[in-house]
Amino acid sequence: MKRELMINPKKALIVEGGGSRGVFSFGVIDSFIKASYNPFDLHFGVSNGAVVQLWFLLAVTDYNLDKMLFSASNKYVSYKNIFFNKSIMNFTELYKDANKIFPIDFIRLTEKLKDKNFYVVVSDAESGTSEYIELDHDNYVDQLLATGSLPVLMREPILLDGLRKYDGGITDPLPVQKAYEYGAKEIVIIRTYEETFVRKTKMENHIAAFFTKQYPNISHALKINAATYNASLDFINNPPADCRITQICPPTRLTAKRATTDIKIMKKDYEIGLACGAKYLSKKI
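Residues numbered from 1 in each chain as written. Predicted model: local features only at pLDDT ≥ 70, side-chain atom pairs only at ≥ 80, totals over all residues. Heavy atoms only, no water.

Description of the overall build of the protein
From N to C terminus, the protein includes 11 helices and 8 strands. In summary, the protein has a C-alpha radius of gyration of 18 Å against a globular reference of 19 Å for 285 residues, a match within 12%. Expressed along its principal axes, the backbone C-alpha trace of the protein runs to roughly 50 × 40 × 35 Å. For the protein, the proportion of its 285 residues judged to be buried stands at 55%. With the model as given, the accessible surface of the protein reaches about 13,300 Å², and the carbon-plus-sulfur share is 53%. (Helix = DSSP H or I, 4+ residues; strand = E, 2+ residues; numbered from the N terminus. Rg over C-alpha atoms; globule rule 2.2 N^0.38 Å. Buried < 20%, exposed > 50% of the residue type's maximum accessible area, 1.4 Å probe, protein only. Areas by Shrake-Rupley, 256 points an atom, 1.4 Å probe, with all protein chains shown as cover.)

A look at the packing of helix α1 (residues 22–34) against helix α11 (residues 263–282)
Packing of α1 against α11 leaves a shortest axis separation of 6 Å and a crossing angle of 45°. Between α1 and α11, the angle falls in the class oblique. In this structure, α1 crosses over α11, and the sense of that crossing is right-handed. Seen from α1, the contacting residues are Val23, Phe24, Phe26, Gly27, Val28, Asp30, Ser31, Phe32 and Lys34; seen from α11, they are Met266, Asp269, Tyr270, Ile272, Gly273, Leu274, Cys276, Gly277, Ala278, Tyr280 and Leu281. Among the residues making up the contact of α1 with α11, the classes are represented as 13 nonpolar, 4 polar and 3 charged. (Axes fitted to C-alpha atoms, helices over the stretch in contact; angles between N-to-C directions. Parallel < 35°, antiparallel > 145°, perpendicular 65-115°, else oblique. Left-handed = near helix turned anticlockwise from the far one by under 90°. Contact = heavy atoms within 4.5 Å. Nonpolar A, V, L, I, M, F, W, Y, C, P; charged D, E, K, R; others polar.)

So, the pattern of salt bridges
Scanning all chains against the criterion turns up 10 salt bridges. Residue Asp124 pairs with Lys165 through a salt bridge whose shortest N-O separation is 2.7 Å. In this pair, Asp124 sits in strand β3 (residues 117–124) while Lys165 sits in strand β6 (residues 163–167), placing the two residues 41 residues apart along the sequence. Comparing Asp124 with Lys165, the two get one shared label, buried. Ionic pairing is found between Asp242 and Lys185, a salt bridge with its closest N-O pair at 2.9 Å. Placement of Asp242 in the loop between α10 (225–237) and β8 (244–248) and of Lys185 in strand β7 (residues 184–190) is noted, with a sequence separation of 57 residues between them. Via salt bridges that share partners, Asp124, Glu131 and Lys165 belong to a single interconnected network. (Salt bridge = Lys/Arg side-chain N within 4 Å of Asp/Glu carboxyl O.)

Notes on the pairing of β3
Most of β3 is tucked away, with 8 of its 8 residues classed as buried. A two-sided burial pattern is seen for β3, the buried positions comprising Asn117, Tyr119, Val121 and Ser123 on one face and Phe118, Val120, Val122 and Asp124 on the other. Taken together, the 5 bridges between strand β2 (residues 42–46) and β3 define a ladder with parallel strand orientation. Residue pairing across strands places Gly45 opposite Val120, the latter belonging to β3. Sheet topology note: the β3/strand β4 (residues 130–133) ladder contains 4 bridges and is antiparallel. From the neighbouring strand, Ser123 faces β4, where its bridge partner is Ser130. Linking β3 back to β4 in an antiparallel pair, the connection comprises 5 residues, with Gly128 at a positive phi of about 70°. (Pairing = 2+ DSSP bridges.)

Comments concerning helix α8 (residues 203–211)
All buried positions along α8 are accounted for by Asn205, Ala208 and Ala209. On an axial view of α8, the arc spanned by its buried residues comes to 105°, and they lie on one face. Among the structural elements, α9 (216–223) and α10 are those in contact with the buried residues of α8. (Arc of directions from axis to C-beta.)

Brief notes about the pairing of β7
Of all 7 residues making up β7, 6 are buried, and the element is well covered by its neighbours. Relative to β7, strand β1 (residues 10–15) runs parallel, the two sharing 6 bridges. Pairing of Lys11 across the sheet is with Glu186, part of β7. The sheet contact formed by β7 and β8 spans 5 bridges and is parallel. Bridging across to β8, Val188 finds its partner in Thr246.

Quick word on the environment of Ala208
Mapped onto the elements of the fold, Ala208 is located in helix α8. For Ala208, a relative accessible area of 6% puts it in the buried group. Between the alpha carbons of Ala208 and Leu222 there is a distance of 7.0 Å; along the sequence they are 14 residues apart. Ala208 has contacts with Pro151, Val152 and Leu222, leaving out every residue within four places of it along the chain.

Notes on the environment of Pro216
Along the chain, the position of Pro216 falls in helix α9. Residue class for Pro216 comes out exposed when judged on its relative accessible area of 57%. Between the C-alpha atoms of Pro216 and Gly18, which are 198 residues apart in sequence, the distance is 24 Å.

It is worth stressing that arrangement in space is one thing and function is another; only the former is reported here.
See the structure below:
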């Protein structure tokens, strides 16, 4: 972490994960790109939110929904695979194919990050704790795969420096406290749930915990994920006196679910994101 992060007050943008619900987030950031709005010093992306942040930083176009629509294919999603001990979502093939259609200009990204920091949140399998990594040219595909590697959905192990990593949303789904620790006094968080949402422990948490029982710490993190999420909500709603946090949330529950592939639904929720982004900007510009 650069020394100046702890000295000068920073502005941070956080993008929550949520799979296909990320179309909302893409709508928000596209409204920002259209307005040439990016006053942020720190960028945090969790799971699919890291991909949203990536394209926000690159800002090669003000229409990024096409990245999500590309993933809306049965070629990459098959619930039958659970019976064959395979990944439900083939993220590895998806990223490989997507990189051909939407190549990442890493030189441009480096230039855009000249005075900024972009952190991708991952969960370490052994320790069950969060890590905040900065993308590097040689490993960025695996790093992006790691932040979205949910147990059951993705059975193929993703290794960084030889160590297995999982979805950052398991251990730090809303990294507001980390942004504050890194010096952010003004934090904007794009969420994929309505503002009143409170997470409850679901059966899928216990199923995922069972599938990761060889890693006791990450298995435990999955079991307490709801408490972890809600603790971050408490920080958002009761920030320190020297910190201001603004949420950009859909007004009601999005129609899209984590693995939605219905293009009409995805486009509709993207439009909601555009509207919410425009509403936020109307108070800032």
